[in-house]
Amino acid sequence: MENNKNLLKTGLVMMAIAWGLFMAASDYLCGDQKEREQLENFLSKARIVRVSKGQAGGRTAPWIVSLDDGRMKGRAIFKYVHRPRPAMIPDSYFYELAAYELNKLLDLDIMPTVVARKLDGRNGSLQVMLTGVITEAQRQRKGLTPPDEEAFQQALAEVVVFENLVYDQCLDQDDILISPNTWQVWRIDFSESFAPVPELLADCPIRRCSRELFNSLSRLDPGLLTNKVKSYLSEQEIEALLKRKDLIIAAIKKLIEEQGEEAVLFTKKKN
Amino acid sequence: MNSIIRRKRTGQKLLFLLVWLVWLTRPVLPAEQIPCRWSGVEKIVVVGDLHGDYDHFVEILKGIGLVDSSLSWTGGQAFLVQTGDVLDRGPDARKIFDLIRKLETEAEAAGGQVQMLIGNHEEMNITGIAFDYEDYVTVEQFISFLPEDYLARKQKELEKKARRGRDIRHLWQEVIDFDLEARKKYLVNFNQKYGKWIARKNAVIKINDTVFVHGGISEEFSRWKLEDINNRLRYELGVFQKAILNLSPPTDMKLEIVYRSNGPLWYRELALANGSLSEEQVDRILNNLEAKQIIVAHTPRLILTIDDMRRFGGKIWIVDTGISQAYGGHMRALIINDGQFSLWGVNHGK
Ligand SMILES: Nc1ncnc2c1ncn2[C@@H]1O[C@H](COP(=O)(O)OP(=O)(O)OP(=O)(O)O)[C@@H](O)[C@H]1O
Ligand SMILES: [Mg+2]
């Protein structure tokens, strides 16, 4: 009887600890900027506990991976399809990794952390899997409105600039994930981006941009950028990327000229 | 003696030539005239993703009475709709294709129809991207679509290695994973013998007031004419086939259907319970299609009662029940008889 009680006590304490760790981990997984490196480390080194294949949906059929480094647990999305251009149906985890490098260079925080890793003999990208999020499509269907509409619109404006830079689908409602507690906005799925098109997206006009992002773009050194992405992108893809960066800066400058700085640039509100 | 044989051979050759010439002049519909709409159909049997499970397919057909014990069509004027994804994950896609080909002719002669739709796995094997995924093209499927002479050669080569203690299955798996020449042989032969035939199928058909499609119809595609969807898909698959058969160089055509995430072969939202679609959107889609309901597959679902197939009050029906052993082997079919929907197979399979 006493034994059982003790067992129960120990069990409860352990559950509490596990819960604490889990909460810490999920906080962690929300991608605080300074913890990015730790998170990259976790994704790169943590023990693979479980791999679930064929559950995530999506045309690349990514795997859902459970990770544990003894200190924290978490789940991640593993993409291994690798069909870089000039394939007739381009789709590659390389483009995820290239997009993430840009995300870091520009000090944006719209992509969940992602690293290159080998799993079950396959090279791929391993990305923090956001939990408890809803897609923009689900938000609209449920009629949920953000507590701070302006902050939300600002976040979407940043996404539009980034989509023009990497040349990916405009505000795809299934690729925008929202944390319903913090209303942080995430953009996932870049595995088809970086088409070597030296133009901005025709159907995705840039209307606003944060001062921070505009400055980062303006200061971005082409040599540094090239260096960061050259393991993932071809010369033509990089050339077009650099061209789009310049076009974005020019487009924003033009908007400022026409509408005044206040209408175009904003200082990011924190949610 | 020799000369008689020679004369006989020449005669045979001539006969073959004649038969071949007649076959060439058989009435083949121009691709853009392949029908995709029927009305006044009394009985429709719908079978979902098969993924190489020939045995389960046969069991379903026999169970419903569409074929007899010698696998001849006994369905009369019924329509059999197989909603695509015959290929991958299981062993026997080729046997399924062969049976469907045979039944197509027999059913048509009886006033019925066998309509196999194009699924995303058919697209992936025609274009070759199935090889980019772990475990899609199984060893059995790979071998079954290799040209005979090449298969014999390769088999010998691998058996030699196997005698030194390697597992022959593993060796074949390595061929699938790394041997680019073997993959090319597979793709060319598959496309010649089956791909061209598959590419003359439809992605979307409409029977009475019901639309059938492998993945789904998104709002964007509900504004297309069914004929335009089917013709565009056939055109795009044709470009891939020409590139694979070395008839023309690869191009970077803008893909409007192939690999489009909201295209008819890949779109999932109609089947996802927590998806993004509202009932109003479903109504708009149906309205654009001038249809009462859409039957979709592609997204596996555990079906225990007919209600499990139904979404949005019967506007959407999901028939990917996981028939293949690779998906649990749940043998089911949806039967539409005079507008009444019923489920076959709850007591068959798992
Ligand atoms: N980091 C992430 N956190 C949470 N969910 C994710 C994450 N990455 C992907 N997912 C989910 O996994 C599924 C597939 O991911 P993704 O869209 O990146 O793959 P895909 O194969 O390129 O899909 P698609 O066919 O839509 O292009 C999606 O439902 C997506 O919402
Ligand atoms: Mg994608």
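What you are looking at is a predicted structure, and each value in this text was computed from that prediction instead of being measured.

A. Structural view of the overall build of chain B. Along the backbone of chain B there are 11 helices and 11 strands. Relative to the compact-globule value of 20 Å for 350 residues, chain B shows a C-alpha radius of gyration of 22 Å, a close match. Oriented by its inertia axes, the alpha-carbon framework of chain B measures out at about 75 × 50 × 45 Å. The proportion of buried residues among the 350 residues of chain B is 54%. Of the accessible surface of chain B, which amounts to about 16400 Å², a share of 52% is contributed by carbon and sulfur atoms. Separation between the mean location of the 47 positive side-chain charges and that of the 46 negative ones in chain B comes to 8 Å.

B. Representation of the coordination of the magnesium ion (ligand 2) within the structure. The coordination sphere of the magnesium ion (ligand 2), as far as protein atoms go, consists of A:Asp189 (OD) and A:Asp189 (OD), spread over 2.4 to 2.6 Å. Mapping A:Asp189 onto the fold places it in the loop between strand 10 (185-187) and strand 11 (209-210).

C. Broad picture of the sheet that holds strand 8 (residues 134-135) of chain A. Strand order in this open sheet of 3 strands is 8-9-10 (chain A), and the pairing throughout is antiparallel. Two strands close off the open sheet at either side, each with one partner strand: strand 8 and strand 10 of chain A.

D. Representation of the sheet that holds strand 1 (residues 47-52) of chain A in the model. All names here are of chain A. A sheet is described by the order of its strands in space; here 5 strands give the open sequence 1-2-3-7-6, paired in antiparallel fashion. Looking at strand neighbours, the two that pair on one side only are strand 1 and strand 6 (114-119), the edges of this open sheet. When strand polarity is set aside, the average angle formed by the axes of neighbouring strands in this sheet is 35°. Here strand 6 pairs with strand 7 (residues 122-128) via 6 bridges, running antiparallel.

E. Main features of the site of ligand 1. Residue and element names in this part refer to chain A. Lining the immediate environment of ligand 1, one finds 17 residues, of which Arg-59, Thr-60, Val-128, Leu-130 and Asp-189 sit closest. The contact in question runs from a nitrogen atom of ligand 1 to an N or O atom on the backbone of Val-128, over 2.8 Å. Here ligand 1, which alone exposes 610 Å², has 83% of that area covered by the protein. Across the shell around ligand 1, the residue classes tally to 9 nonpolar, 5 polar and 3 charged.

F. Molecular detail of the state of the cysteines. Residues and elements named next belong to chain A. Under the definition given, this model contains 1 disulfide over all chains. Through a disulfide, Cys-170 is tied to Cys-204; the S-S separation comes to 2.1 Å. With the S-S dihedral at roughly 75°, the linkage between Cys-170 and Cys-204 falls on the right-handed side. Of this pair, Cys-170 sits in the loop between helix 5 (149-166) and strand 9 (176-178) while Cys-204 sits in the loop between strand 10 and strand 11, placing them 34 residues apart in sequence. With a relative accessible area of 2%, Cys-204 lands in the buried category. The structure places no disulfide on Cys-209, whose sulfur is separated from the nearest cysteine sulfur, that of Cys-204, by 13 Å.

G. View of the nonpolar core. Ranked by internal contacts, the top residues of the largest apolar core, which has 136 residues, are B:Phe97, B:Phe142, B:Phe212 and B:Ile294. When residues of this core are assigned to their parent elements, the largest contribution, 8 residues, is made by helix 10 (residues 226-244) of chain B. If near-sequence neighbours (up to four positions away) are discounted, B:Phe212 is found in contact with B:Ile44, B:Val46, B:Val81, B:Leu117, B:Ala203, B:Val204, B:Ile205, B:Ile207, B:Ile295 and B:Ile336. Residues A:Leu108, A:Ile110, A:Leu165 and A:Trp183 belong to the second largest nonpolar core, which totals 47 residues.

H. Structural view of the confidence of the model for chain B. Residue and element names in this part refer to chain B. Chain-level statistics for chain B give a pLDDT mean of 93 and a share of 95% at 70 or above. In this model residues 1-5 is a low-confidence stretch, pLDDT under 50, and it forms 0 contacts with partners more than four residues away in sequence or in other chains. Overall fold confidence (pTM) sits at 0.90, and the ipTM for the predicted complex is 0.89.

I. Just the confidence of the model for chain A, in detail. Residues at a pLDDT of 70 or more form 87% of chain A, whose mean pLDDT is 90. Here residues 11-31 of chain A is modelled with pLDDT under 50, and outside its nearest four sequence neighbours on either side it reaches 17 contacts, counting other chains as well.

J. Quick peek at the pattern of salt bridges. A full pass over the atoms with the stated rule returns 36 salt bridges over all chains. Because the salt bridges share partners, they merge into one network encompassing A:Lys53, A:Asp120, A:Arg122 and B:Glu134.

K. Inspection of the interface of chain B and chain A at higher detail. With 26 residues of chain B at the contact, the number on the chain A side is 19 residues. The junction of chain B with chain A conceals about 1800 Å² of combined surface from both sides, 54% of it contributed by carbon and sulfur atoms. If you sort the residues of chain B by the area they bury against chain A, B:Asp132, B:Glu134 and B:Tyr259 come out on top, with a joint share of 35%. Between chain B and chain A we count 3 salt bridges in total. Notably, a salt bridge pairs A:Arg122 with B:Glu134, separated by 3.6 Å at the nearest N-O pair. Among the elements that make up the side of chain B that touches chain A, the one with the highest residue count is helix 10 of chain B (3 residues). Each residue belonging to the side of chain B that touches chain A can be placed in one class, and the counts come to 13 nonpolar, 7 polar and 6 charged.

Rules and cut-offs
Residues numbered from 1 in each chain as written. Chains lettered and ligands numbered in written order. Predicted model: local features only at pLDDT ≥ 70, side-chain atom pairs only at ≥ 80, totals over all residues. Heavy atoms only, no water. Helix = DSSP H or I, 4+ residues; strand = E, 2+ residues; numbered from the N terminus. Rg over C-alpha atoms; globule rule 2.2 N^0.38 Å. Buried < 20%, exposed > 50% of the residue type's maximum accessible area, 1.4 Å probe, protein only. Areas by Shrake-Rupley, 256 points an atom, 1.4 Å probe, with all protein chains shown as cover. Lys, Arg positive; Asp, Glu negative; His and termini not counted. Charge placed at Lys NZ, Arg CZ, Asp CG, Glu CD. Donors = N, O, S within 2.8 Å, 3.2 Å for Na, K, Ca; no water. Pairing = 2+ DSSP bridges. Axes fitted to C-alpha atoms, helices over the stretch in contact; angles between N-to-C directions. Near = heavy atom within 4 Å. Polar contact = N/O pair within 3.5 Å; in protein donor to acceptor, adjacent residues only side chain to side chain. Nonpolar A, V, L, I, M, F, W, Y, C, P; charged D, E, K, R; others polar. Disulfide = S-S within 2.5 Å. Core = buried A, V, L, I, M, F, W, Y, C linked by side-chain atoms within 4.5 Å. Contact = heavy atoms within 4.5 Å. pLDDT = per-residue confidence, 0-100. Salt bridge = Lys/Arg side-chain N within 4 Å of Asp/Glu carboxyl O. Buried area = accessible area lost by both parts, 1.4 Å probe.

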